[in-house]
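Observations on the three-dimensional arrangement
Below, each chain spelled out in residue letters.
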Amino acid sequence: MMQVIRKPIAPAGSTTAGQLVKSVPGNLNGSK
Amino acid sequence: MWTPSRFNVQTRTDTGELLVYNSYTGAILAFSSEEIDSILSILKEGLGEDAPPNMTTVVTTLVDAGILIASNIDEDKRARFLHQSQHRTDQLHLVVMPTEACNFGCEYCYQSFSHGTMNDQVITGLQKFVQNKARFLQSASISWFGGEPLLAMDVIGELSRSFLASFNSYGIDYSADMATNGFHLTKDKFLQLLQWHIRRFMITVDGPATVHDKKRGLRGGGPTFERILHNLKDIQSSKESFEISIRVNFDQESLPFVPELLSILANEFAGDARFQLLIRPVGRWGGKHDDQLPVCDHQTANKAIWEFTQMGLDKGLPMSSIVENSMLPGGAVCYAAKPNSLVVGSTGQLYKCTCALEEEVNKVGTLYDDGSVNVDYDRLALWTTSGDDTDSVCRSCYYRPVCQGNHCPLFRARTGERPCPFEKRKIHRALNMIWKNSISLRR
């Protein structure tokens, strides 16, 4: 059976999609 | 005609399911072994006008998830448009440093602590700045940072009350998070912070007591582990809704002790989805002890992140939502690259990045006590125009919608290399962790 683990964040093409995620400070990329 | 999106990733789980992820919509679907052949065929060849009669639901879901797209869609335009939406002016993110002082002396810290608590002029200026902005906004988020923000609880209170009044009067969606070392996070203070809409926390614990206390002891000496753990246990007794990401920074020296730490944490917090695990390697982040830090090589670090995350899940500690969110469209774009995000230092100095506070290029402006700001737009542009605007490899990458080549503009500027997120580097492991996390949360 197909399962939806995560729904699409916004309808495809919506400009709100990328804005819904909150940035968290604190050197998370660790690549430096 | 339907074709597979170029932003798809597919992988298998340990138990044989097929996972399909789309980086433009963030959707993740799982298929059982009986469905795999037909799905793989669709993902390889696309579909004509009509779905096979027995698969209409599946095909509708694939289309909704952006995994199948109409063949006339230009996905590069989609990605560019998504990137351009970062320029929306109805959203505001501020990283606020109510103090730049800290009570800890962490061995890998990169801050100089040359400034103390935010003074009244800066507090007034910031309140007015937010008041003036509020009527143009739909949503706002504040990240409380430092130094150690809880050394300036009164400043957080004064600013939060003012922000809440401004945002409430215009019906703005407001949320806040805090990076704190947890030492002063008593239950009373925690409940007060929740009242001020601060509901997501990041608290670092780097090993069992002896390991943690060596790496994250008090400035001037003294243990911190037991007190942090005591505070967390006390907080757990509350029924409130919140998220605490317990961050574990590991290096070559602490690596063997992480499993013991995870057992200690699991003993207290397993099964409580409010307490989550975030595993990250220590880096040479610009501190004065950088040369002596026993950092892991990239290969070891990239492997250990997911091994420890898996170990945590097996012990009942969910993976931090920070990891899952970072795999949503735009989710791995650093705030330093976002035009509507600013760091407000305790002196009123405005920055883009929280990691290079001493660098001139990072000093992008000044906040004045009347709420006005003087911004150096040339410096601002240096932070916000790198990434897939200028990097053709990023433009052709399957992960482009997520990081937009802007996971760390500082890393790109310093090294000239591409700042790929940890999740992309081990995308199959990362997707498997999300899958396992979703199963454990459903239990």
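Predicted, not measured: the structure shown is a model, and the values here were computed from it.

Calculation criteria
Every chain's residues receive numbers from 1 upward, in the order its sequence appears when written. Written order decides the labels, with chains lettered from A and ligands numbered from 1. With pLDDT at 70 or above as the cut-off, local features in this predicted model cover only qualifying residues; side-chain atom pairs require 80 or more to be listed or tallied, and sums for whole chains, interfaces and linings still use all residues. Calculated side-chain values reflect all of the structure's heavy atoms, with hydrogen atoms and water omitted. Under the DSSP-based scheme used, a helix requires at least four consecutive residues in state H or I and a strand at least two consecutive residues in state E, with every element numbered from the N terminus. Accessibility here uses a 1.4 Å probe with only protein chains present; expressed as a share of the type maximum, an area under 20% marks a residue as buried, one over 50% as exposed, and anything in between as partly exposed. Any two strands between which DSSP finds at least two bridges are classified as paired. As a rule, the C-alpha atoms of each element are fitted with a line to give its axis, helices using only the stretch in contact, and angles between N-to-C directions run from 0 to 180 degrees. Only heavy atoms matter for contacts: two residues are in contact if any of them lie within 4.5 Å across the pair. Each angle is binned into one of four classes, with values under 35 degrees roughly parallel, values over 145 roughly antiparallel, values of 65 to 115 roughly perpendicular, and all other values oblique. For any pair of crossing helices, the crossing counts as left-handed if the nearer helix is rotated counterclockwise from the farther one by less than a right angle, and right-handed if it is rotated clockwise. What the arc covers is the set of directions going from the helix axis to the C-beta atoms.

1. Some details on the overall build of chain A
In terms of helices and strands, chain A carries 0 helices and 1 strand. A buried classification covers 59% of the 32 residues belonging to chain A.

2. What to know about unusual backbone geometry
Residues and elements named next belong to chain B. The omega torsion of the bond from Gly146 to Gly147 falls at 10°, within 30 degrees of zero and hence cis. Tracing the backbone shows Gly147 in the loop between strand 7 (139-144) and helix 5 (153-169). A positive phi angle, near 55°, is found at Phe113, a position not held by glycine. Despite not being glycine, Gln404 has its phi angle at roughly 55°, a positive value. Mapping Gln404 onto the fold places it in the loop between helix 14 (400-403) and helix 15 (409-415).

3. Some thoughts on the sheet that holds strand 12 (residues 341-344) of chain B
Residues and elements named next belong to chain B. Strand order in the open sheet made by the 10 strands is 11-10-9-8-7-6-12-13-14-15, with mixed pairing throughout. The sheet terminates laterally at strand 11 (275-281) and strand 15 (373-375), the two strands that pair on one side only. In this sheet, adjacent strand axes meet at a mean angle of 25° when their direction is disregarded. Judged from the 6 bridges that link them, strand 7 and strand 8 (residues 173-180) form a sheet pairing that is parallel. Each residue of the ladder has a partner; that of Ser143, found in strand 8, is Asp177. Across the sheet, helix 6 (residues 187-195) lies against strand 8, strand 9 (198-204) and strand 10 (243-250), angled at about 135° from strand 9, the strand it touches most.

4. Structural notes on the packing of helix 5 of chain B against helix 6 of chain B
All names here are of chain B. It is at 10 Å that the axes of helix 5 and helix 6 come closest, and there the two elements cross at 20°. Classified by the angle between their axes, helix 5 and helix 6 sit roughly parallel to one another. The hand of the helix 5/helix 6 crossing is left-handed. Between helix 5 and helix 6, the residues in contact are Met153, Ile156 and Leu164 and Lys189, Gln192, Leu193 and Gln195, respectively.

5. Focus on helix 6 of chain B
All names here are of chain B. When we look at burial in helix 6, the residues that qualify are Phe190, Leu193 and Leu194. One side of helix 6 holds all its buried residues, which, seen down the axis, span an arc of 100°. The exposed residues of helix 6 that point more than 90 degrees off its buried face are Asp188 and Gln195. In this structure, the buried side of helix 6 is in contact with helix 5, strand 8, strand 9, helix 8 (225-236) and strand 10. Just downstream of helix 6, His197 is the residue with a positive phi angle, here 70°.

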